[in-house]
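So the chains spell out like this:
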Amino acid sequence: MDLDKLVPVMRRLAIEAGEKIMEIYNADDFEVKTKSDESPVTEADEAADALISAGLRAVFPDVALITEEQAASHNLKADTFLIVDPLDGTKEFIKRRGDFTVNIAYVEKGVPLRGVVYAPARDRLFITDASGQSYEEIGPFVPDTPGEMKKISVSTPDNEALMIVASKSHRDQATEDYLAKYKAKDSKSAGSSLKFCLVATGEADLYPRVGRTMEWDTAAGHAVLLGAGGDVVRFDDHTPLTYGKPDYANPFFIAYAPGVELKDA
């Protein structure tokens, strides 16, 4: 993969998809349907998926493409692939709470090497460059013209006063029980893959996820966190979270800044 070619394409498509999503988000009403797994899908998910998929296939026709909204792609198996969640945080979108993102990532041999996470309603965009370093771009976000890039890096955690971020829509008792094992200075909630990015920028030290996720939910945020010096491990044995798993389903996991003393499950 030509990473110098890939990164600008991912960035442009994420911004163009974000523009399409916001057109629908700001409309008086939009259609919401229910998928076979009972999860919601909107016309914004579908429009963003069509735009991103067409754009990636046009430039990288020989690279496998896995996307949440195309069930047939979930049967593909490859060592190298692009993986997309065109609108992560659909529940946040439907409730008009703003914490939704466009996620595009590139995975090689189980590792999400490059990614972009764009939160159009929050005016925040996080991206890895061709070398793998992560940045937050300062808007306005113009598809073909990158703005100011601010290098980001994880915090140096204080285990006596950790900053913790957890899911806004999926914060359950199991999560609370695990978080109780840490000494927290503060705890905040955020939706979608923004939680990875808050750890990547040092706004949080720790994000545990005790609940179902899919690889398209996490790959882009995981890549951004890796490029900022952080890591993501399995909840059960603290080994690296890898990609290309059967059905693209994740185990529970922990995203964190090195220096956090991880507690057992």
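Residues numbered from 1 in each chain as written. Predicted model: local features only at pLDDT ≥ 70, side-chain atom pairs only at ≥ 80, totals over all residues. Heavy atoms only, no water.

The chain goes by 3'(2'),5'-bisphosphate nucleotidase CysQ in an unreviewed UniProt entry, where it is assigned to Celeribacter persicus. Word for word, the UniProt comment on the chain under Cofactor (unreviewed entry) is "Mg(2+)". Recorded in UniProt under Sequence similarities (unreviewed entry), the annotation for the chain is "Belongs to the inositol monophosphatase superfamily. CysQ family." (UniProt positions renumbered as here; feature names shortened; annotations may be inferred.)

## Comments concerning the nonpolar core
Within the largest apolar cluster, 35 residues are counted, with the highest numbers of intra-cluster contacts made by F81, I83 and L225. At the level of secondary structure, the elements contributing two or more residues to this core comprise β3 (64-67), β4 (80-88), β5 (101-108), β6 (111-119), α5 (194-200), α6 (215-227) and β16 (253-256). When residues of this core are assigned to their parent elements, the largest contribution, six residues, is made by α5. Taken together, domain 1 (3-151) and domain 2 (162-256) each give at least three residues to this core, which thus spans both. Apart from the residues lying within four places of it in its own chain, the contact partners of L225 are V154, F196, V199, A200, G230, D231, V232, A255 and Y256. (Core = buried A, V, L, I, M, F, W, Y, C linked by side-chain atoms within 4.5 Å. Buried < 20%, exposed > 50% of the residue type's maximum accessible area, 1.4 Å probe, protein only. Helix = DSSP H or I, 4+ residues; strand = E, 2+ residues; numbered from the N terminus. Domains from an automatic or database assignment. Contact = heavy atoms within 4.5 Å.)

## Examining α6
The periodicity of an α-helix, 3.6 residues per turn, causes residues three or four positions apart to be oriented the same way. With 13 residues, α6 should cover 18 Å at 1.5 Å per step; its first-to-last C-alpha distance of 18 Å lies within 8% of that length. Among the 13 residues of α6, 12 are classified as buried, and the element is accordingly described as predominantly covered. Listed in full, the buried residues belonging to α6 are E215, W216, D217, T218, A219, A220, G221, H222, A223, V224, L225 and G227. With its phi angle positive at about 95°, G229 sits one or two positions after the end of α6. (Expected span 1.5 Å × (residues − 1).)

## A closer look at the pattern of salt bridges
For the coordinates displayed, the defined rule picks out 11 salt bridges. Here E136 makes a salt bridge to R124, at a shortest N to O gap of 2.9 Å. Placement of the pair is E136 in strand β8 (residues 134-138) and R124 in strand β7 (residues 124-128), with a sequence separation of 12 residues. Salt-bridge contacts for E160 lead to K183; the nearest nitrogen and oxygen are separated by 2.9 Å. One end of the pair, E160, is in the loop between β9 (148-151) and β10 (162-167); the other, K183, is in the loop between α4 (173-179) and β11 (184-190), and 23 residues separate them in sequence. Under the relative-accessibility criterion, E160 is labelled exposed at 54%. Taking the relative accessible area as the measure of exposure, K183 reaches 48% and is therefore partly exposed. Through salt bridges with shared partners, a single network forms among R12, E16 and D144. (Salt bridge = Lys/Arg side-chain N within 4 Å of Asp/Glu carboxyl O.)

## Examining the environment of S134
As for its position among the elements, S134 is in strand β8. Along the backbone, S134 and P61 are 73 residues apart, and their C-alpha atoms lie at a distance of 26 Å. Residues in contact with S134, not counting those within four places in the same chain, are I127, T128, K151, I152, A223, V224, G227 and A228.

## Description of the UniProt feature "binding site: Mg(2+) 1" (unreviewed entry) in the chain
In the numbering used here, UniProt assigns the "binding site: Mg(2+) 1" (unreviewed entry) feature to E68, D85, L87, D88 and D217. Spatial clustering of the annotated residues is evident: they stretch over 150 residues in sequence, but the largest pairwise C-alpha distance comes to 9.5 Å. As for its placement among the helices and strands, E68 is situated in the loop between β3 and β4. Note on E68: relative accessible area 18%, which makes it buried. With residues up to four places along the chain from it excluded, the contact list for E68 reads K35, H74, V84, D85 and W216. With respect to the secondary-structure elements, D88 resides in strand β4. Taking the relative accessible area as the measure of exposure, D88 reaches 8% and is therefore buried. Leave out the neighbours within four places in its chain, and D88 touches D99, F100, T101, N103, S192, S193 and D217.

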